[in-house]
Amino acid sequence: QQPVQSPQAVILREGEDAVINCSSSKALYSVHWYRQKHGEAPVFLMILLKGGEQKGHEKISASFNEKKQQSSLYLTASQLSYSGTYFCGTESSGTASKLTFGTGTRLQVTL
Amino acid sequence: DAMVIQNPRYQVTQFGKPVTLSCSQTLNHNVMYWYQQKSSQAPKLLFHYYDKDFNNEADTPDNFQSRRPNTSFCFLDIRSPGLGDAAMYLCATSRVDRGNGYTFGSGTRLTVV
């Protein structure tokens, strides 16, 4: 089952904040977050581990609720360079390391 | 710089004509993945290698095969490409211990004519 992301798309003005949600129907070992710009490969942003510490960038952070099998990505003081499609990727508990990508959230930051 | 390299960047093939896409990595990662990404969709896992152990996704068509002759190289073979196989094909690598991010190559965009 593919993780479901919300919202599907969001338009922000530069400097505004956004939250992207990712929900899975399976028990999760980890959640990854990637950003993909048009025509380019996904770029790793951060990973959240079950029972582990959060890693991330200064203005981009994330949370992971293991019990609810949900993760949220927080973008603060957005910049034009944040534009792109954001994908969560989930690794399920009990399986070998392989990532299932979420449905994606298209983010556009304008002036 | 250590990286994942995919060749070619763009590939045009004829309907039904076998095609091979290649991926190489200098990261010395044990795990390599092939993803298919169609327009406006999420990447979809086709297969992955844990060292030389091959793992096929249940819904990967038989038309797709893969080879990993050594740690550094991985190939995706499409035996008889159809119009529906036109997509971006992404190679990715990760370390064997779980909890690490994936490093993606720049992808090969396949067009079937």
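Before reading further, recall that the structure is shown in the block above.
Residues numbered from 1 in each chain as written. Chains lettered and ligands numbered in written order. Predicted model: local features only at pLDDT ≥ 70, side-chain atom pairs only at ≥ 80, totals over all residues. Heavy atoms only, no water.

S.K.: Help me get a handle on the environment of I5 of chain B, residues and values and all.
M.R.: Residues and elements named next belong to chain B. The topology assignment puts I5 in strand β1 (residues 4-7). With 21 residues separating them along the chain, I5 and T26 place their C-alpha atoms 8.7 Å apart. Setting aside anything within four residues of it in sequence, one finds I5 in contact with S22, C23 and S24. (Helix = DSSP H or I, 4+ residues; strand = E, 2+ residues; numbered from the N terminus. Contact = heavy atoms within 4.5 Å.)

S.K.: Could you give an account of the sheet that holds strand β1 (residues 4-6) of chain A, naming the residues involved and the relevant values?
M.R.: All names here are of chain A. An order of β1-β3-β7-β6 is seen for the 4 strands of this open sheet, with the pairing classed as antiparallel. At either end of the open sheet lies a strand with only one pairing partner, and these are β1 and β6 (60-65). Direction aside, the axes of adjacent strands within the sheet are offset by 15° on average. Summarising the sheet, strand β3 (residues 18-23) and strand β7 (residues 70-75) pair through 6 bridges and their orientation is antiparallel. Looking at the pairing, A18 lines up with L75 of β7. (Pairing = 2+ DSSP bridges. Axes fitted to C-alpha atoms, helices over the stretch in contact; angles between N-to-C directions.)

S.K.: Got a sec to walk through the sheet that holds strand β8 (residues 73-78) of chain B? Specific residues and values, please.
M.R.: Residue and element names in this part refer to chain B. Here 4 strands make up an open sheet; going across it, the order is β1-β3-β8-β7 and the pairing antiparallel. Looking at strand neighbours, the two that pair on one side only are β1 and β7 (64-67), the edges of this open sheet. Each adjacent strand pair in this sheet contributes to an overall mean axis angle of 20°, direction not counted.

S.K.: How would you sum up the interface of chain A and chain B? Please name residues and give values.
M.R.: On the side of chain B, 22 residues touch chain A, which itself brings 22 residues to the contact. Both sides of the chain A and chain B interface together cover about 1700 Å² of buried area, and 54% of this is carbon and sulfur. Its largest share of buried area at the contact with chain B, chain A owes to S97, K98 and F101 of chain A, together 29% of the area lost on that side. In this structure, the salt-bridge partner of E57 of chain B is K98 of chain A, at a minimum N-O distance of 2.9 Å. Along the contact surface separating chain A from chain B lie 6 residue pairs in polar contact (both at pLDDT 80 or more). In terms of residue count, the dominant contributor to the side of chain A that touches chain B is strand β4 (residues 28-36) of chain A (4 residues). (Buried area = accessible area lost by both parts, 1.4 Å probe. Salt bridge = Lys/Arg side-chain N within 4 Å of Asp/Glu carboxyl O. Polar contact = N/O pair within 3.5 Å; in protein donor to acceptor, adjacent residues only side chain to side chain.)

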